[in-house]
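# Structural overview
Now for the letters of each chain:
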Amino acid sequence: MAYRWIIYTLLLLLRFYGAYHNHSLPGYIHPDEFFQGGQELFYGCQQRLRQQPYYEEDINVDNNNRVEDKYSHDSKKYIVDNIPWEFEPKNAIRSIVPPAFMTLLPIRAYTTLRTVMETSSSNNGGSMNCQPSSSAHDISGREVLIIPRLFMTLLSFLFLDGCLWALVKKTTKKASDEYCNENNSCGPPIEVIILASSWPMLVMVTRPFTNTLEAMVISLLLFIVSMDHHHSMSKMNNKKISSFQHQNQSMISLLVGMTCSIGLFVRFTFAFFALPIVLLFLYNRWRRAYDHRWKNVGWVALSLVLSFVTTSVLFVITDWYYYHYHSPGRGVDADDVTACNNWSCHRDAFLATASRYIVPWNAFRYNSKATNLAEHGLHPRITHVLVNLPLMFGPLSLLGYFSCSKMKKDYDSFFLSSATATGDEACFRRVLCQSTIISGLLVLSCAPHQEPRFLLPCVVPLVFLYGRKVVGMDGKLSHSKQRVLPLTALWVVFNCILYLFFGWLHQGGLIPSLLHLPLPVNPLEGTPETVIFYKTYMPPTFLTRGRSLRSMEKGTTCNATDEKIIVSGGLHTSLACDNQVIIDLQGREADVLLEVLQERLPCRHRSDETLLLITPDPVMILLTEIEWSEYTFASVNGHHPHLSTEDWPVFNGTFRSFVSQMELVTYNVLCKVNK
């Protein structure tokens, strides 16, 4: 058993190391990682930059005293907005609770601990350099990046590894004893090691995706319902159970309702995975009750619904309070808060507007329209089955497809056998996991927009069902090296390839490029620094936090004006945010890039502005073929590796030149000097 502990410990260390050290896993999976997880929403540096001019020099007054923005609408619409469209009050299709839980909670805990330590250090006579106040908003982009990742990694260990361990260990006594040797020293189950070695666990679940949170809630729900079945089996077999277990049984339905409500407000797609779990939970309660079956099930369903509704109301109140009073997209929050200075005023406002902020319903309505999904990309409805499931889980998904014909046997065994039949508990858990996968996969396949991460909640059910088979240790055949070693090697190779691709290569230079942007000449004065990202994923602006502070770490003296930067419109931004504008041109044509350059860096009028262009090396090779009459591009630094599937490196005959083009390069754009 020692080798299992060694392997599992190394895999856990690898997961935590990837979350802690941003250079170890620089890969950028999807923009929702930052823009739905709360990092950009709470700590972005360009709040409301699209809606109004941020700097006084960007405002022109014409002869009729009308105020105009000197930058055209065409340029401003490309500015990265740290308020994701899902969190705008007019849309309100995301609950504020999940991003606050994944990002705001751990960062507030971190800054509180840091404040206590700094206070203790200063009281002990420690010297204090010019540093920002230790608040939740005066932290660097690196801290905002790492802290939520560490928090999500810890949660993944508790809710994914832990729930799977409990599911496997309590399936049957034989399965439980299998992981213990003669000295009663138990090791981690093979299924848990398989889960920990999968690339989604090493890369994806360490990021603050709502899909990760959804997978955790599904695992928790599977665990709760399985434990309920286990306790009912113990009672029917006249086994002695403690009063604590009796109390747990009476609380199970309340926990199921509460868990379902939490999952639904995390992502509305949670309902598609959870529906068969809830139905099997109610069927199990009906099956175990010999007397007054419908009455007992009715009380269980009533307590479940009451718990679900109560928790949902709390979510709605929280979301309403955020969207109605504190959403950055409103712009008049202070007036509304001061206008309502008593409870009855808040109550009337809630009753009048709360229906606008029922997030799961808003999300369902939005995603049920193909015209809305077309803005995010349309896919064939077979994409989840043929592409996304194999991409996420590889050999596990193939085993699931090959085992479809055997599922009927499990369903017949569970629904047709007696309630006290031997092996009923193991059969129930297999049916539970199979139903979860089938329901989620089929319903999600009905939508024309399909992404691999949508299937992340399938990870624990799949590993529970086929984790042993994927390495040839299902117990039905002898564990010969001829069978175990090739299957294990296939599993390892598959996950290593996807780990390297999504963890390192895929858009791997974007995060380091933001963390290592060249410092502006004077971050508190002068014209705004413009940074243009071209042919990359959307850049999260919070990663630029703290650049100004790096120039203040050499014993300079603090003064009162260093605490905040006051900008036009009465808005304030933390000292951690620089005086800059980040523009995202995505994959637009070179003509659009030229128009933005001419607007942001007009060489005829002034040539002293700072402008940086960040783009993949293969893209710049194509741009150099265009005649640039006004500008020159000087390379500042590059970040390797970086691979964009939209702009592959050009193969020039040698593998070395191909690999050297996997780089995201920062260029200083300068006006040509006419001699």
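Because the structure is a prediction, the values reported are computed rather than measured.

Rules of the game
- Residues numbered from 1 in each chain as written.
- Predicted model: local features only at pLDDT ≥ 70, side-chain atom pairs only at ≥ 80, totals over all residues.
- Heavy atoms only, no water.
- Helix = DSSP H or I, 4+ residues; strand = E, 2+ residues; numbered from the N terminus.
- Buried < 20%, exposed > 50% of the residue type's maximum accessible area, 1.4 Å probe, protein only.
- Contact = heavy atoms within 4.5 Å.
- Areas by Shrake-Rupley, 256 points an atom, 1.4 Å probe, with all protein chains shown as cover.
- Axes fitted to C-alpha atoms, helices over the stretch in contact; angles between N-to-C directions.
- Parallel < 35°, antiparallel > 145°, perpendicular 65-115°, else oblique.
- Left-handed = near helix turned anticlockwise from the far one by under 90°.
- Nonpolar A, V, L, I, M, F, W, Y, C, P; charged D, E, K, R; others polar.
- Core = buried A, V, L, I, M, F, W, Y, C linked by side-chain atoms within 4.5 Å.
- Pairing = 2+ DSSP bridges.
- Disulfide = S-S within 2.5 Å.
- Patch = residues over 30% accessible without salt bridge, like charges linked within 9 Å, V, L, I, M, F, W, Y side chains within 5 Å.
- Salt bridge = Lys/Arg side-chain N within 4 Å of Asp/Glu carboxyl O.
- Expected span 1.5 Å × (residues − 1).
- Arc of directions from axis to C-beta.
- pLDDT = per-residue confidence, 0-100.
- Phe/Tyr/Trp six-rings, centres within 6.5 Å; stacked < 30°, edge-to-face > 60°.

Assigned secondary structure in the chain consists of 28 helices and nine strands. Counting all 675 residues of the chain, 53% fall into the buried class. Here the contacts in the chain between residues at least 6 apart in sequence split such that 82% fall between residues at least 24 apart. Of the roughly 31,300 Å² of accessible surface on the chain, a fraction of 61% belongs to carbon and sulfur atoms.

As a packed pair, helix H8 (residues 190–197) and helix H22 (residues 459–466) sit with axes 9 Å apart at the nearest point and diverge in direction by 135°. The angle between H8 and H22 places the two elements in the oblique class. Considering the relative orientation of H8 and H22, their crossing is right-handed. Two secondary-structure elements touch here, H8 through Glu 191, Ile 194 and Leu 195 and H22 through Val 459, Val 463 and Phe 464. For the contact of H8 with H22, the class distribution of residues is five nonpolar, no polar and one charged.

With 82 residues, the main nonpolar core has Leu 160, Leu 164, Trp 199, Leu 221, Val 225, Val 256 and Phe 393 as its most contacted residues. For this core, the element with the most residues is helix H10 (residues 210–236), which contributes nine residues. The residues contacting Leu 221, other than those within four sequence positions of it, are Val 256, Thr 259, Cys 260, Phe 270, Ala 274 and Ile 277. With 36 residues, the next largest nonpolar core counts Leu 104, Leu 515, Leu 517 and Ile 614 among its residues.

A separate point is the sheet that holds strand S3 (residues 529–533). Taken together, five strands build an open sheet; the order of strands is S6-S3-S7-S9-S8 and the sheet is mixed. Edge positions in the sheet fall to strand S6 (580–584) and strand S8 (631–639), since each has one partner strand and no second. Averaged over all neighbouring strand pairs, the angle between strand axes comes to 25°, with direction disregarded. When strand S7 (residues 611–616) meets strand S9 (residues 664–671), the two strands line up antiparallel, connected through five bridges.

With that settled, consider the pairing of S7. Most of S7 is tucked away: six of the six residues are buried. Residues Leu 611, Leu 613 and Thr 615 point to one face of S7 and Leu 612, Ile 614 and Pro 616 to the other, with burial holding for every one of them.

Disulfides are covalent bonds that link the sulfur atoms of two cysteine residues. The final tally for this structure, using the stated rule, is one disulfide. Through a disulfide, Cys 603 is tied to Cys 671; the S-S separation comes to 2.0 Å. The disulfide joining Cys 603 to Cys 671 has a torsion of about -90° about its S-S bond and is therefore left-handed. Linking Cys 603 in the loop between helix H26 (590–600) and S7 with Cys 671 in strand S9, this pair joins segments that are 68 residues apart in sequence. In this structure Cys 603 comes out as partly exposed when scored by relative accessible area, which is 22%.

Taken together, the side chains of Val 305, Val 309, Val 313, Leu 314 and Ile 317 define a hydrophobic patch exposed on the protein surface, amounting to about 390 Å² of accessible area. Relative to the assigned elements, Val 309 resides in helix H13 (residues 293–326).

Moving on, we come to helix H12 (residues 270–288). Its 19 residues give H12 an end-to-end C-alpha distance of 27 Å, which sits within 8% of 27 Å, the value for a rise of 1.5 Å per residue. For H12, every residue scored as buried is listed here: Phe 270, Phe 273, Ala 274, Pro 276, Ile 277, Val 278, Leu 280, Phe 281, Asn 284, Arg 285, Arg 287 and Arg 288.

With an omega of 0°, the peptide bond running from His 640 to Pro 641 counts as cis. When you line up the elements, Pro 641 lands in the loop between S8 and helix H28 (655–660). Located in the positive-phi region is Ala 92, a residue other than glycine, with phi close to 50°. Note that Ala 92 resides in the loop between helix H4 (73–76) and helix H5 (97–123).

Let us now look at the packing of helix H6 (residues 141–169) against H8. Direction vectors running N to C along H6 and H8 enclose 155°, while the axes themselves pass 9 Å from each other. Here H6 lies roughly antiparallel to H8, going by the angle between them. In this structure, H6 meets H8 at a crossing whose hand is right-handed. Contact residues: H6 offers Leu 160, Asp 161, Leu 164, Trp 165 and Val 168, while H8 offers Glu 191, Val 192, Leu 195 and Ala 196.

Since the α-helix advances by 3.6 residues per turn, residues separated by three or four positions end up pointing in the same direction. For helix H20 (residues 404–416), with 13 residues, the first-to-last C-alpha span of 19 Å sits near the 18 Å given by 1.5 Å per residue. Three or more residues of H20 are buried, namely Met 407, Asp 410 and Phe 414. In a view along the axis of H20, the buried residues occupy a sector of 60°, so they form one face of it. Facing away from the buried surface of H20 by more than 90 degrees, the exposed residues are Ser 405, Lys 408, Lys 409 and Leu 416.

Turning next to the confidence of the model for the chain. Confidence in the prediction for the chain averages 81 pLDDT; 76% of positions are at 70 or higher. pLDDT under 50 marks residues 127–133. Its contacts with residues more than four places away, or in other chains, come to 15 contacts.

Structurally, Ser 261 can be placed in helix H11 (residues 243–266). The contacts of Ser 261, once residues within four sequence positions are left out, are Phe 308, Thr 311, Ser 312 and Phe 315.

With that settled, the discussion passes to the packing of aromatic side chains. Under the criterion given, the structure shown has 20 aromatic pairs. Each ring, one from Tyr 28 and one from Tyr 537, has its centre 5.3 Å from the other, and the planes form 85°; the classification is edge-to-face. Residue Tyr 28 is found in the loop between helix H1 (2–20) and helix H2 (32–35), and its partner Tyr 537 is found in the loop between S3 and helix H25 (547–550); the two are separated by 509 residues along the sequence. The pair Tyr 28 / Tyr 537 is uniform in exposure class, with both members buried. Members of the aromatic cluster, joined through ring pairs, are Tyr 28, Phe 34, Tyr 537 and Phe 542.

Burial analysis of S9 places six of its eight residues in the buried class, which makes it a mostly covered element. Here S8 runs beside S9; their pairing, made up of eight bridges, is antiparallel. Bridge pairing in S9 places His 639 opposite Leu 664.

Attention now goes to the pattern of salt bridges. Counted under the stated rule, the structure contains eleven salt bridges. A salt bridge links Glu 88 to Lys 90; its shortest N-O distance comes to 3.8 Å. By relative accessible area, which is 17% here, Glu 88 ends up buried. On the accessibility criterion, Lys 90 (71% relative accessible area) is exposed. Close ionic contact of Glu 451 with Arg 453 constitutes a salt bridge, the shortest N to O distance being 2.9 Å. In terms of burial, Glu 451 and Arg 453 fall into one category: buried.

All right, on to the environment of Pro 208 then. For Pro 208, the location among the structural elements is in the loop between helix H9 (199–204) and H10. For Pro 208 and Gln 39, which are 169 residues apart along the polypeptide, the C-alpha to C-alpha distance reads 8.6 Å. Filtering out sequence-adjacent residues up to four positions away, Pro 208 remains in contact with Glu 33, Gly 37, Gln 39, Met 102, Pro 148, Arg 149 and Met 152.

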